[in-house]
Amino acid sequence: MLKTLLKPFARVFEFQAKTHYKMERHSMALTAGIILAAGVGGFVEIAPLFTIDDTVEDVADMRVYTPLEQAGRDIYIREGCYACHSQMIRTLRDEVERYGPYSLAVESKYDHPMLWGSKRTGPDLARVGDKYSDDWQVRHLINPRDLVPQSVMPQYAFLLETPLRTDDLPGRLDALRMVGVPYTDDMIANAANDALGQARPDGDRASGVLDRYGEATAVRAFDGQNDRLTEMDALVAYLQILGNLTDVAQNTQPMAEE
Amino acid sequence: MMSNLTSTERARAMLITGAGVLIGLTMAAVGRNDPMGAHGWIVLLFCGVLFFIVGQKLYDAEPVEDRSVSYYDDPTKIGILLALFWAVVAMGMGVWVASQLAWPDLRFDAAWSSFGRIRPVHTSGVIFGFGGNALIATSFHIMQRTSRARMPDQVSPWFVLLGFNLFCVVAASGYLIGITQSKEYAEPEWYADLWLVIVWVVYFVLYIRTLARRNEPHIYVANWYYLSFILVVAILHVVNNLAIPASFSGAKSYSAFSGVQDAMVQWWYGHNAVAFFLTTGFLGMLYYFLPKRAGRPIYSYRLSILSFWGIVFFYIWVGSHHLHYTALPQWVQTLGVTFSVMLLVPSWASAGNALMTLNGAWHKVRDDATLRFMMVAAVFYGLSTFEGSFMAIRPVNALSHYTDWTVGHVHSGAMGWVAMITFGSIYALTPVLWRRETMYSWKAVEWHFWLALSGTVIYVFAMWNSGITQGLMWRTYTESGTLRFSFVDTLIAMHPYYIARAFGGLLFFTGACICFWNVVMTIRRVPHHTPAIDYPTTSEAMEPAVPAAE
Amino acid sequence: MSVKDRDPLTGHQTTGHEWDGITELNTRVPRIVWFFIIVTHLFALLMWILLPTWPLVTTYTKGLLGFDQRDVVKQDIELANMTRADWADRIAAHPTADILKDPELMARVTGTAHQIFGDNCAGCHGTDAAGGPGFPSLIDTAWLWGGDTDTIMETLRVGINSTHLDTRYAQMLAFGRDGILPRDDIRLVVDYVQSLSGAAAPADRIAAGGEIFANNCAACHGENGDGNTDLGAPNLTDAFWIYGGDDKAMYETIWSGRQGWMPSWEDRLSLTERKILAVYLQHLGQAAPK
Ligand code: HEM
Ligand code: HEM
Ligand SMILES: [Ca+2]
Ligand SMILES: [Ca+2]
Ligand SMILES: [Cu+2]
């Protein structure tokens, strides 16, 4: 039984050993062999993700990040929050019950790069948007242990003191457009203004944000300071949109009833 | 060392470092309103110092040595010292990172010292700084010895080694300043990525040119592995780092891929950084230093073939096991599981090949801590690949993913395998390279061995406990069928394990410091000794027909 | 070295090559390796047949089991809901008073609420629900909107000053910042409010403060300052404070106003979960030392 099963393997291997024996005398043959052998897997797994249509759901209400939210996302990356927080609720009962509807591919469609994460030292953040108040987020970032005594999360008090840079936002949105995020010329041209406007509900720039990104966009003094635009504004704006770019997950996955 | 370079070589080196200075200056000027400007100054300083060092010796006498009768070992020596330097820095960082999870306020009141910024300094520092330098250095040594040929020139090895270290410095300093792409193990920004491509191409060309000069018809196994490390890392690096900079005067760039495709590309890269950086490269090391130290022939050439091609082919498919149950389509996950399981056989075949090679040399393993490092490394390699294949099975991964179990697995591979084989190789290599009789202190090697082993065991056990506890707590249900624990409950349960891990890490780190000290003392204090034969010779090998199976 | 060389120890032939002193044996691949190759390949083959696996340009092989992780989790949750239904339905249907008296149901409530409260509410109200600066205690007897089950459930559904369309609004005006009251008046009214819960102050200040209070605050907090649960205006005569009853905190409250934000839980927690929480809070309130 074993012998018969083995035969094809042994034959393939004998061929392989012979070929290899010839190959190992030529560095370029070895090079070609390695590239070939190591090329197949990646190609077969990655290329179809672009060609199979139901890889990413088609959703009409999916919106892009506003400049302020994108700036916040860049800060999230800069600070390495992804080292402790995932943004990917898996298709497992306990995760859905704890964090909400499992994440869909479309929800990170405009995420360059994705921030699904690989370690949950802190909780998943895929649906943290609107879970807490702006004020809570600010205080939590200033010192997490003020609110959650057992927390091991670092303090980020300096964000509240650091003015947000806005002059580079048009360039950032433009680069994102080049990699496929549908920002319009209008959005790019007004990126800096919109970042300012979104954090100043009473200011005259606020209405432009709603025009360009939709009436449902949150326009608030995220960091609690109406007169300053800080990195805290951006990061909190980003945290508050997590899970809220589209409602498709909530609409297609009924809540676990208890 | 400079005196071994001809004046043309020195001039060329000045040209290259001079160009580096200009690049640094340009970056500093263009990026003055951006964190990239700081990188400009760092590049400027790095290349400036080298420029100055070479410049001082520019008009020294021409070397008189006959290059055809020796190997070129200067870059290897510096590479080993750099590897040890990075080991101390990055493992020290590891201890700090670990301590922050146990005592979160153990940091300065400054942005750069937060967990999220120093963690990648640790990971990149150990993988690239420590591991990368060790790989480059040992590959220089091994390719020359097993080819019985000297490297073709004397500038490109320096370019590779120092260029790579420039990349490491830019990477590590970048995280502290806040420059990162967030892609695990590929965090450096676009200009660092581009620079690494150049370094890597030169590395490949150097490797191939040396192999081309060999005096042995066949290429030894270690070189197959090093070659696969160089080639595949190049492919992975280029694809995963495709990105559009937001501006050429700033550090920020955006990945060409997004969402699910980006996740797949990232873990195709991430897993194979493990495979082709942390595995095949170090297998190359193992395949040279272990038989050499044990004085035994490799157990089976056929097994080498089987495991080499098995590893190269199967590994590439398994990246999707990092994305089980996620928004990645399930078909990719199935491929990830099945190939991970099939991969176990070639992995164990290579570990087994190493251990069987020790047959007839077990008494040496008992007496010689250096060989014991290598033996233990092979065992941990076997353990972590078994664990990896196990964790790749979807229901197991449902438990282990996102928890410290992964971190435990990582360190059984990284400390138990990668670091142990490197330390073993360094102890074997140091006396040969510097032409010394022996290591300065064998007692210290013995101490290092036990510190490393106990540190690893404490670390890994702590993380297994913590990971499995946390994974189970996340999914514990009450008799009512509702979740039992809140997230914070699990955080409290982790605390003692985090302390234990920091302690285990401290032991391991202490061992690394001892190693550095021992190597330095060997260079400074141990008497000179010329080995019987360590220079290029012609081969006496016959060309047998295809060796028949027995 | 030649092909014929044999390793004296194992008796195996070498391959005839030698690299820097390293030789190789030509030992055949051990049986056990073949055995595991076969086992793992058979496993893989089986998985490929049963599960979605191979991509085919625009689609992929679906596998004989027709298995998809999204269906699986959906079924898991439906099943979980079914098994929980026996007690969950009773909690949904029974009045709180009955539940509080039913030890079996209460065991369900407390067992379940620990995690729901811990993961959603404890960040603000604390693990013991005793509140903290800016977040009201939920175990005292002072309720902003009312402590009965229906009111709590409504508070949870819509939130307070939240992003929900039907949210409850609780607006404590910024009397100082918006220029309604000068500083000295605020200091007077602080003295007055503190006197409501028994603090001592000169009688003339209390009287003056009382007048300001009647003109500016009574509309919301009531003539006696005992609050108005229709507006979420807190009772100022008791010892419970959200933001603090000391001079500094209270001055800040009246100067800048307060609009505490309590999120809406309608999209996050099911009706039954909210009921469980409402019952749980009342249970905690009963148990808490007064
Ligand atoms: C002194 C010994 C070491 C200590 C104390 C240490 C500590 C740590 C800590 C605390 C983390 C973060 C884990 C988390 O996020 O929860 C980590 C991650 C990591 N370390 Fe180490 N480490 C040590 C040695 C090494 C070595 C020698 C290597 C590699 C050669 C290594 C490779 C890594 C990698 C790859 C990660 C990332 C793991 C992941 O993302 O899952 N470490 N280490
Ligand atoms: C047969 C060989 C191996 C397989 C199948 C394997 C499999 C796995 C799996 C399933 C994970 C967990 C992914 C997750 O849930 O997020 C993982 C993580 C990891 N493994 Fe392995 N592993 C193998 C060998 C190794 C070795 C030898 C090393 C190291 C030196 C290593 C280093 C890592 C690292 C660094 C990670 C963490 C990646 C991250 O999340 O950042 N693995 N591996
Ligand atoms: Ca990770
Ligand atoms: Ca990169
Ligand atoms: Cu992996």
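Residues numbered from 1 in each chain as written. Chains lettered and ligands numbered in written order. Predicted model: local features only at pLDDT ≥ 70, side-chain atom pairs only at ≥ 80, totals over all residues. Heavy atoms only, no water.

Draft legend 1. Summary view of the domain arrangement of chain A. According to the domain assignment, chain A consists of domain 1 (12-50) and domain 2 (67-252). The gap between the C-alpha centroids of domain 1 of chain A and domain 2 of chain A is 44 Å. (Domains from an automatic or database assignment.)

Draft legend 2. Structural context of the domain arrangement of chain C. Residues and elements named next belong to chain C. One can read the domain layout of chain C as domain 1 (1-67), domain 2 (71-167 + 262-287) and domain 3 (183-256). Counting residues at the interface gives twelve residues for domain 2 and eleven residues for domain 3. The contact between domain 2 and domain 3 buries some 760 Å² in all, and 67% of this surface belongs to carbon and sulfur atoms. Of all residues in domain 2, the largest losses of buried area upon contact with domain 3 belong to Gly-134, Leu-144 and Trp-145, amounting jointly to 61% of the total for that side. Linking domain 2 with domain 3 are zero salt bridges, by the criterion used here. (Contact = heavy atoms within 4.5 Å. Buried area = accessible area lost by both parts, 1.4 Å probe. Salt bridge = Lys/Arg side-chain N within 4 Å of Asp/Glu carboxyl O.)

Draft legend 3. A look at the UniProt feature "domain: Cytochrome c" (unreviewed entry) in chain A. Feature annotation in UniProt places "domain: Cytochrome c" (unreviewed entry) on residues 67-243 of chain A, given in this structure's numbering. In this annotation, residues 67-243 of chain A is assigned 44% helix and 0% strand; the end-to-end C-alpha distance for the span is 17 Å. (UniProt positions renumbered as here; feature names shortened; annotations may be inferred. Helix = DSSP H or I, 4+ residues; strand = E, 2+ residues; numbered from the N terminus.)

Draft legend 4. Main features of the coordination of the copper ion (ligand 5). All names here are of chain B. Those donors, His-271 (ND1), His-321 (NE2) and His-322 (NE2), are the protein atoms that reach the copper ion (ligand 5), and they lie 1.8 to 2.0 Å from it. Spacing between the donor residues of the copper ion (ligand 5) along the chain follows H-x49-H-H. Here the iron atom of ligand 2 and the copper ion (ligand 5) are spaced 4.4 Å from one another. Of this pair, His-271 sits in helix H8 (residues 259-276) while His-322 sits in the loop between helix H10 (301-315) and helix H11 (330-357), and the two are 51 residues apart along the sequence. Among the residues examined, His-322 registers a relative accessible area of 21% and is labelled partly exposed. (Donors = N, O, S within 2.8 Å, 3.2 Å for Na, K, Ca; no water. Buried < 20%, exposed > 50% of the residue type's maximum accessible area, 1.4 Å probe, protein only.)

Draft legend 5. Quick look at the interface of chain C and chain B. Of the residues lining the interface, 52 residues belong to chain C; the matching set on chain B comes to 59 residues. Seen at the junction of chain C and chain B, the total is two salt bridges. With its nearest N and O atoms 2.7 Å apart, the salt bridge here joins Arg-148 of chain B to Glu-18 of chain C. Across the chain C-chain B interface, the total number found is 23 residue pairs in polar contact (both at pLDDT 80 or more). The leading source of residues in the side of chain C that touches chain B is helix H1 (residues 31-50) of chain C, at ten residues. (Polar contact = N/O pair within 3.5 Å; in protein donor to acceptor, adjacent residues only side chain to side chain.)

Draft legend 6. Spatial organisation of the UniProt feature "transmembrane region" (unreviewed entry) in chain A. Mapped onto this numbering, the UniProt entry gives "transmembrane region" (unreviewed entry) at residues 28-50 of chain A. As annotated, residues 28-50 of chain A comprises 96% helix and 0% strand, and the C-alpha atoms at either end are separated by 32 Å.

Draft legend 7. Molecular detail of the pattern of salt bridges. Residue and element names in this part refer to chain C. On inspection of all chains with the given rule, the structure shows 49 salt bridges over all chains. A salt bridge links Arg-157 to Glu-154; its shortest N-O distance comes to 3.2 Å. Residue Arg-157 and its partner Glu-154 are located together in helix H6 (residues 149-158), separated by three residues, close to a single helical turn. What makes Glu-154 partly exposed here is its relative accessible area of 30%. Across the salt bridge formed by Arg-157 and Asp-166, the nearest N and O atoms sit 3.6 Å from each other.

Draft legend 8. Geometry of the packing of helix H3 (residues 74-102) of chain B against helix H4 (residues 115-147) of chain B. All names here are of chain B. Where H3 meets H4, the closest approach of the two axes is 7 Å, and the angle between their N-to-C directions is 155°. Judged on the interaxial angle alone, H4 and H3 are roughly antiparallel. For the pair H3 and H4, the crossing hand works out as left-handed. In terms of residue class, the contact of H3 with H4 is built from 20 nonpolar, nine polar and one charged. (Axes fitted to C-alpha atoms, helices over the stretch in contact; angles between N-to-C directions. Parallel < 35°, antiparallel > 145°, perpendicular 65-115°, else oblique. Left-handed = near helix turned anticlockwise from the far one by under 90°. Nonpolar A, V, L, I, M, F, W, Y, C, P; charged D, E, K, R; others polar.)

Draft legend 9. Highlighting the site of ligand 1. Residue and element names in this part refer to chain B. Neighbouring ligand 1 are 27 residues, the closest being Arg-119, His-122, Glu-184, His-411 and Ala-414. Between an oxygen atom of ligand 1 and a side-chain N or O atom of Arg-119, the distance comes to 2.7 Å. Within the contact set of ligand 1, a nitrogen atom lies 3.4 Å away from a side-chain nitrogen or oxygen of Tyr-459. Those elements that place two or more of their residues in the shell around ligand 1 are H3, H4, helix H15 (404-433) and helix H17 (487-525). Tallying contributions element by element places H15 first for the shell around ligand 1, with eight residues. Tallied by class, the residues present in the shell around ligand 1 amount to 16 nonpolar, six polar and five charged. (Near = heavy atom within 4 Å.)

Draft legend 10. Here's a closer look at unusual backbone geometry. In this model, His-112 of chain A is joined to Pro-113 of chain A through a cis peptide bond whose omega is -5°. Not every positive phi belongs to a glycine, and Tyr-402 of chain B is a case in point at roughly 70°. Note that Tyr-402 of chain B resides in the loop between helix H14 (394-400) and H15. Overall, Tyr-402 of chain B belongs to the buried group, its relative accessible area being 0%. Here Val-57 of chain C, not a glycine, exhibits a phi torsion of approximately 60°, which is positive.

Draft legend 11. Highlighting the site of ligand 2. Close contacts around ligand 2 come from 27 residues, with Glu-184, Tyr-185, Asn-397, His-401 and His-409 of chain B the closest. Looking at what sits near ligand 2, you find residues from chains A and B. In the environment of ligand 2, an oxygen atom lies 2.6 Å from a nitrogen or oxygen atom belonging to the side chain of His-401 of chain B. Breaking the shell around ligand 2 down by element, the ones donating at least two residues are H8, H11, helix H13 (369-391) and H15 of chain B. Ranked by the residues each element gives to the shell around ligand 2, the list is headed by H15 of chain B, at six residues. Its residues assigned to classes, the shell around ligand 2 shows eleven nonpolar, 15 polar and one charged.

Draft legend 12. Representation of the nonpolar core within the structure. Counting residues in hydrophobic clusters, the biggest one holds 275 residues, and the most contacted among them are Tyr-183 of chain A together with Phe-164, Phe-277, Trp-417 and Phe-423 of chain B. The element contributing the most residues to this core is H4 of chain B, with 14 residues. The next biggest cluster of nonpolar side chains, apart from the first, holds 34 residues, and it includes Ala-122, Ala-129, Trp-145 and Leu-284 of chain C. (Core = buried A, V, L, I, M, F, W, Y, C linked by side-chain atoms within 4.5 Å.)

Draft legend 13. How the structure looks around helix H12 (residues 206-213) of chain A. Residues and elements named next belong to chain A. Ala-206, Gly-208, Val-209 and Tyr-213 are the residues of H12 that are buried. Each buried residue of H12 sits inside an arc of 160° when the element is viewed along its axis, so together they form one side. Each element contacted by the buried residues of H12 is listed here: helix H4 (67-78), helix H9 (169-178), helix H10 (185-189) and helix H11 (191-198). A positive phi of about 105° marks Gly-214, the residue just after H12. (Arc of directions from axis to C-beta.)

Draft legend 14. Local environment of the packing of aromatic side chains. For the structure on display, the rule yields 59 aromatic pairs over all chains. Seen from their ring centres, Tyr-76 of chain A and Tyr-238 of chain A are 5.4 Å apart, and the 70° between their planes marks the pair as edge-to-face. Note that Tyr-76 of chain A is positioned in helix H4 and Tyr-238 of chain A in helix H13 (residues 231-241), a separation of 162 residues in sequence. As far as burial versus exposure is concerned, Tyr-76 of chain A and Tyr-238 of chain A are alike and both buried. Every member of this aromatic cluster is reached through a ring pair, and the members are Phe-128, Phe-140, Phe-164, Phe-167, Trp-200, Tyr-203, Tyr-207, Tyr-226, Phe-229 and Phe-277 of chain B. Cation over ring: Lys-62 of chain C sits above Tyr-60 of chain C, and NZ or CZ is 4.4 Å from the ring centre. (Phe/Tyr/Trp six-rings, centres within 6.5 Å; stacked < 30°, edge-to-face > 60°. Lys NZ or Arg CZ within 6 Å of the ring centre and 35° of its normal.)

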